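An overview of the molecular structure
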Amino acid sequence: MSTDIIAKKPEKIFEGAEDFLPLLGTDYVEFYVGNCKQAAYYYQTAWGFQPLAYAGLETGVRHKTSYVLRQGKVTLVLTSPLPHPKSAHITEHIARHGDGVKTIALWVEDAEKAWQETTARGAKSYLEPQVLRDEHGEVVVSGIHTYGDTVHVFVERSNYKGVFMPGYEPWTPDYRPPEVGFKYIDHMVGNVHLGEMNKWAKFYEQVMGFTNIITFDDKDISTEYTALMSKVMANGNGRIKFPINEPAKGKKKSQIEEYLEFYQGAGCQHIALATDNIIDTVTELRRRGVEFLTIPDTYYELLPERVGQIDEDIETLKKLRILVDRDDEGYLLQIFTKPVQDRPTFFYEIIQRKGAKSFGKGNFKALFISIELEQKRRGTL
Ligand code: FE2
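Conventions adopted
Residues numbered from 1 in each chain as written. Predicted model: local features only at pLDDT ≥ 70, side-chain atom pairs only at ≥ 80, totals over all residues. Heavy atoms only, no water. Helix = DSSP H or I, 4+ residues; strand = E, 2+ residues; numbered from the N terminus. Rg over C-alpha atoms; globule rule 2.2 N^0.38 Å. Buried < 20%, exposed > 50% of the residue type's maximum accessible area, 1.4 Å probe, protein only. Areas by Shrake-Rupley, 256 points an atom, 1.4 Å probe, with all protein chains shown as cover. Lys, Arg positive; Asp, Glu negative; His and termini not counted. Charge placed at Lys NZ, Arg CZ, Asp CG, Glu CD. Pairing = 2+ DSSP bridges. Axes fitted to C-alpha atoms, helices over the stretch in contact; angles between N-to-C directions. Donors = N, O, S within 2.8 Å, 3.2 Å for Na, K, Ca; no water. Salt bridge = Lys/Arg side-chain N within 4 Å of Asp/Glu carboxyl O. Phe/Tyr/Trp six-rings, centres within 6.5 Å; stacked < 30°, edge-to-face > 60°. Lys NZ or Arg CZ within 6 Å of the ring centre and 35° of its normal. Contact = heavy atoms within 4.5 Å. Domains from an automatic or database assignment. Buried area = accessible area lost by both parts, 1.4 Å probe.

**Description of the overall build of the protein**
- Counting its regular elements, the protein contains nine helices and 17 strands.
- Computed over C-alpha atoms, the radius of gyration of the protein comes to 20 Å, within 12% of the 21 Å expected from 2.2 N^0.38 for 381 residues, which places it in the range of a compact globule.
- Along the first, second and third principal axes, the C-alpha set of the protein runs to 60 × 50 × 40 Å.
- In the protein, buried positions account for 57% of the 381 residues.
- Accessible area of the protein: about 16,700 Å², with a carbon and sulfur share of 51%.
- For the protein, the distance from the average site of its 47 positive side-chain charges to the average site of its 53 negative ones is 2 Å.

And the structure:
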């Protein structure tokens with residue numbers, strides 16, 4: 001039985017009803033990392049993110065260092081602690097989780113209202129609304145907790161003209177490897193503990209006004225050894241999509257359990273970055289040393305029959321190990337990196353949509369077999 005059900009179209013939800021949390025898009029994603037200077041170099045060199053802003057000792061910030069990078073509409077903040085009591089929570093976050101996503105910041109028109117609406121509906125406050133000012137104007141920020149130690153920060157920046165935010169100065173190095181074609185964040189996935197998927201789906205529904213647009217159960221997403229369940233939550237205008245995964249019982253340890261063990265808790269599993277030309281993007285990423293999951297040759301033998309006519313040359317897709325899936329509205333191309341830090345936790349997906357609004361269900365099996373091969377090599381299956 002297929003459970004790939006489009007429950008409700010997100011754009012229909014608020015017909016006649018007010019969206020109490022209108023979100024304009026993802027504002028930035030902040031990672032807490034052990035060494036943000038080297039991480040910034042990695043994101044510049046391998047991923048083509050462009051230098052944007054900096055905060056640290058040289059700019060009068062005594063407790064932490066942050067590098068801000070951008071490509072298309074994707075803004076990453078890489079933060080490491082300096083020895084200072086104000087940064088103890090960053091040090092603890094890294095000690096516990098390793099490098100990982102701390103903040104999924106959402107761009108709003110009214111950060112105070114976003115905080116009031118969400119905390120009134122049960123969100124735990126992370127940051128009370130506050131105004132940050134410098135000579136370029138003001139930014140209003142507020143924040144709430146979500147799964148694990150992850151938080152959402154609401155950012156209101158309509159009265160700001162600076163490069164990023166008060167507290168940051170432009171970062172203008174000469175070293176600028178070219179971009180690789182990223183346009184925006186397609187979706188961001190959270191891994192939560194067994195039995196917690198519905199709790200967090202409900203959180204996004206009740207506290208943030210999201211809707212469950214697709215559900216995958218363990219029959220959709222399973223191999224001989226591992227299984228998982230997932231609910232895709234989307235906001236009112238459909239721009240923000242947060243799938244929530246929980247492990248399901250399999251014969252061996254699932255990739256979600258492996259993540260939870262090594263991240264020591266719930267957290268962001270992957271970010272899907274959208275491109276208009278996945279062949280060029282992946283060719284360049286591979287040239288720059290980004291490692292992807294491998295898929296067996298047999299996947300490409302079955303591909304024409306499974307997805308029908310596509311614009312891309314199958315031999316090229318095979319060479320790059322790009323995956324394809326089709327739904328009622330079109331098709332999509334996607335590929336997944338290996339974890340991008342020492343722990344087998346966070347990774348990236350690269351996605352190009354050609355009409356399809358789904359998430360590549362037809363690829364789950366091939367993908368999981370590949371992930372299990374990697375798990376076997378790590379001795380964690
Ligand atoms: Fe994904």
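**Section: the environment of Asp 217**
- Residue placement: Asp 217 occurs in the loop between strand S11 (211-216) and strand S12 (227-234).
- Placed 26 residues apart in sequence, Asp 217 and Asn 191 show a C-alpha to C-alpha distance of 15 Å.

**Focus: the sheet that holds strand S14 (residues 267-275)**
- Taken in spatial order, the eight strands make up an open sheet running S11-S12-S13-S10-S14-S17-S16-S15, and their pairing is mixed. Bordering the open sheet on either side are S11 and strand S15 (323-327), each of which pairs with just one other strand. Averaged over all adjacent pairs, the angle separating strand axes in this sheet is 25 degrees, with direction ignored.
- Pairing of strand S10 (residues 182-191) with S14 involves eight bridges; the strand directions are antiparallel. Following the sheet pairing, His 187 is matched in S14 by Ala 272.

**Concerning the coordination of the iron ion**
- His 187 (NE2), His 270 (NE2) and Glu 349 (OE) make up the full set of protein donors to the iron ion, lying at 2.0 to 2.2 Å.
- Mapped onto the sequence, the residues coordinating the iron ion show the spacing H-x82-H-x78-E. One end of the pair, His 270, is in strand S14; the other, Glu 349, is in strand S17 (residues 347-354), with 79 residues separating them in the sequence. Each member of the pair His 270 and Glu 349 is classed as buried.

**What to know about the pattern of salt bridges**
- The tally for this structure, following the rule as stated, stands at 17 salt bridges.
- Across the pair Glu 284 and Arg 288 runs a salt bridge whose closest N-O atoms are separated by 2.8 Å. Each of the two residues, Glu 284 as well as Arg 288, counts as buried.
- Among the ionic pairs, Glu 312 bridges to Lys 354, the shortest N-O distance being 2.7 Å. Taken together, the residues Glu 312 in the loop between helix H7 (298-307) and helix H8 (314-320) and Lys 354 in strand S17 connect sequence positions 42 residues apart.
- Residues joined in a network through salt bridges with shared partners are Lys 113, Glu 117 and Arg 121.

**Side note on the packing of aromatic side chains**
- This structure, assessed with the given rule, holds 24 aromatic pairs.
- Ring centres of Tyr 67 and Trp 171 lie 4.8 Å apart, and the angle between their planes is 65 degrees; this geometry places the pair in the edge-to-face category. One end of the pair, Tyr 67, is in strand S3 (residues 64-71); the other, Trp 171, is in the loop between strand S9 (169-170) and S10, with 104 residues separating them in the sequence.
- By relative accessible area, which is 15% here, Trp 171 ends up buried.
- Between Tyr 299 and Tyr 300, the aromatic rings sit 4.9 Å apart at their centres with planes inclined by 70 degrees, giving edge-to-face as the arrangement.
- Among the aromatic residues, ring-to-ring pairing joins Phe 31, Tyr 42, Tyr 43, Trp 47, Phe 49, Phe 182, Phe 346 and Tyr 348 into one connected group.
- One Lys or Arg, Arg 121, reaches over the ring of Phe 20 and ends 3.4 Å from the middle of that ring.
- The aromatic ring of Phe 359 is capped on one face by Arg 353, whose charged end is 5.3 Å from the ring centroid.

**A closer look at the sheet that holds strand S1 (residues 25-32)**
- Strand order in the open sheet made by the nine strands is S6-S7-S8-S5-S1-S4-S3-S2-S9, with mixed pairing throughout. The open sheet has two edge strands, strand S6 (125-134) and S9, and neither has a second partner.

**Considering the environment of Met 197**
- As for its placement among the helices and strands, Met 197 is situated in helix H4 (residues 197-206).
- With 47 residues separating them in the primary sequence, Met 197 and Ile 244 have C-alpha atoms 6.1 Å apart.
- When residues no more than four places from it in sequence are discounted, the contact partners of Met 197 are Val 192, Met 229, Ser 230, Lys 231, Ile 244 and Glu 246.

**Some remarks on the domain arrangement of the protein**
- Each assigned domain of the protein is listed here: domain 1 (14-170) and domain 2 (182-378).
- Of note, the centres of domain 1 and domain 2, computed from C-alpha atoms alone, are 24 Å apart.
- Interface area, domain 1 with domain 2, both sides summed: about 3,400 Å², of which 64% is carbon and sulfur.
- Counting the contacts that link domain 1 with domain 2 gives zero salt bridges.

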